[in-house]
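Fold and geometry: a report
Residues per chain are reported as follows:
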Amino acid sequence: MDIAKFFCLILISLFVYQIYADDYYYRVLELNQDATEADIKKAFRRLSIKFHPDKNPGDQNAAQKYLEVNKAYEILTDPEKKQLYDLYGEEGFFFILNF
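Scoring rules and cut-offs
Residues numbered from 1 in each chain as written. Predicted model: local features only at pLDDT ≥ 70, side-chain atom pairs only at ≥ 80, totals over all residues. Heavy atoms only, no water. Helix = DSSP H or I, 4+ residues; strand = E, 2+ residues; numbered from the N terminus. Buried < 20%, exposed > 50% of the residue type's maximum accessible area, 1.4 Å probe, protein only. Contact = heavy atoms within 4.5 Å. Expected span 1.5 Å × (residues − 1). Polar contact = N/O pair within 3.5 Å; in protein donor to acceptor, adjacent residues only side chain to side chain. Core = buried A, V, L, I, M, F, W, Y, C linked by side-chain atoms within 4.5 Å. Phe/Tyr/Trp six-rings, centres within 6.5 Å; stacked < 30°, edge-to-face > 60°. pLDDT = per-residue confidence, 0-100. Axes fitted to C-alpha atoms, helices over the stretch in contact; angles between N-to-C directions. Parallel < 35°, antiparallel > 145°, perpendicular 65-115°, else oblique. Left-handed = near helix turned anticlockwise from the far one by under 90°. Nonpolar A, V, L, I, M, F, W, Y, C, P; charged D, E, K, R; others polar.

**Observations concerning the overall build of the chain**
For the chain, the count of helices and strands is 5 helices and 0 strands. Overall, the chain shows an N-to-C arrangement of helices and strands of α-α-α-α-α. Going through the 99 residues of the chain one by one, you find that 27% of them count as buried. In the chain, once contacts between residues fewer than 6 apart in sequence are set aside, the share between residues at least 24 apart is 53%.

**Comments concerning helix H4 (residues 60-76)**
The first and last C-alpha atoms of H4 sit 24 Å apart over 17 residues, in line with the 24 Å expected at 1.5 Å per residue. All of the buried residues along H4 are Ala62, Tyr66, Val69, Ala72, Ile75 and Leu76. One side-chain oxygen of the residue at the start of H4 lies 3.0 Å from the amide nitrogen of Asn61, identifying that residue as Asp59.

**Describing the nonpolar core**
Within soluble globular proteins, side chains that are nonpolar generally end up buried alongside one another. Core analysis: the largest hydrophobic core is formed by 18 residues, its most contacted members being Leu29, Val69 and Leu76. Secondary structure elements with two or more residues in this core: helix H2 (24-28), helix H3 (37-51) and H4. The greatest single-element share of this core, amounting to 6 residues, is contributed by H4. The residues contacting Leu76, other than those within four sequence positions of it, are Tyr25, Tyr26, Leu29, Ile40, Lys82 and Tyr85.

**Points about the packing of aromatic side chains**
Here the structure, examined in full by the defined rule, presents 4 aromatic pairs. Every member of this aromatic cluster is reached through a ring pair, and the members are Tyr24, Tyr25, Tyr26 and Tyr85.

**Some remarks on the confidence of the model for the chain**
Model confidence for the chain is summarised by a mean pLDDT of 85, while 80% of its residues fall at 70 or above. Ranking the helices and strands of the chain by mean pLDDT puts H3 first, with 97, and helix H1 (residues 3-19) last, with 65.

**Quick word on the side chain of Ser48**
Note that Ser48 resides in helix H3. At 3.2 Å, the side chain of Ser48 forms a polar contact with the backbone oxygen of Arg45. Setting aside anything within four residues of it in sequence, one finds Ser48 in contact with Tyr66 and Val69.

**Some points on the packing of H3 against H4**
Relative orientation of the contacting elements H3 and H4 amounts to 160°, with a least axis distance of 9 Å. On the basis of their axis angle, the class for H3 and H4 is roughly antiparallel. For the pair H3 and H4, the crossing hand works out as left-handed. Across the interface between the two elements, Ile40, Lys41, Phe44, Leu47, Ser48 and Phe51 of H3 pack against Ala62, Ala63, Lys65, Tyr66, Val69, Asn70, Tyr73 and Leu76 of H4. Of the residues assigned to the contact of H3 with H4, the class counts are 10 nonpolar, 2 polar and 2 charged.

Now the structure itself:
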């Protein structure tokens, strides 16, 4: 497969994925995709307190959820990252950043 066909395949895949782009990070923060910056910040504060490792010593599920909440907040509060995520979803977002 030549490079042009490869990039066409990637672009088509990203376009199809955009149609079905997931809302994982919004769900992590228990929000809809139309959430405002204030909504995102409020949800982050509430959930980071709820799942903080100091409040849940030894609870690996809470620790994992705490990391996910932080990652979601990092992406959804950065305008460039949020735009890429909203357009391409999680997989497309990381593909573009790592390309």
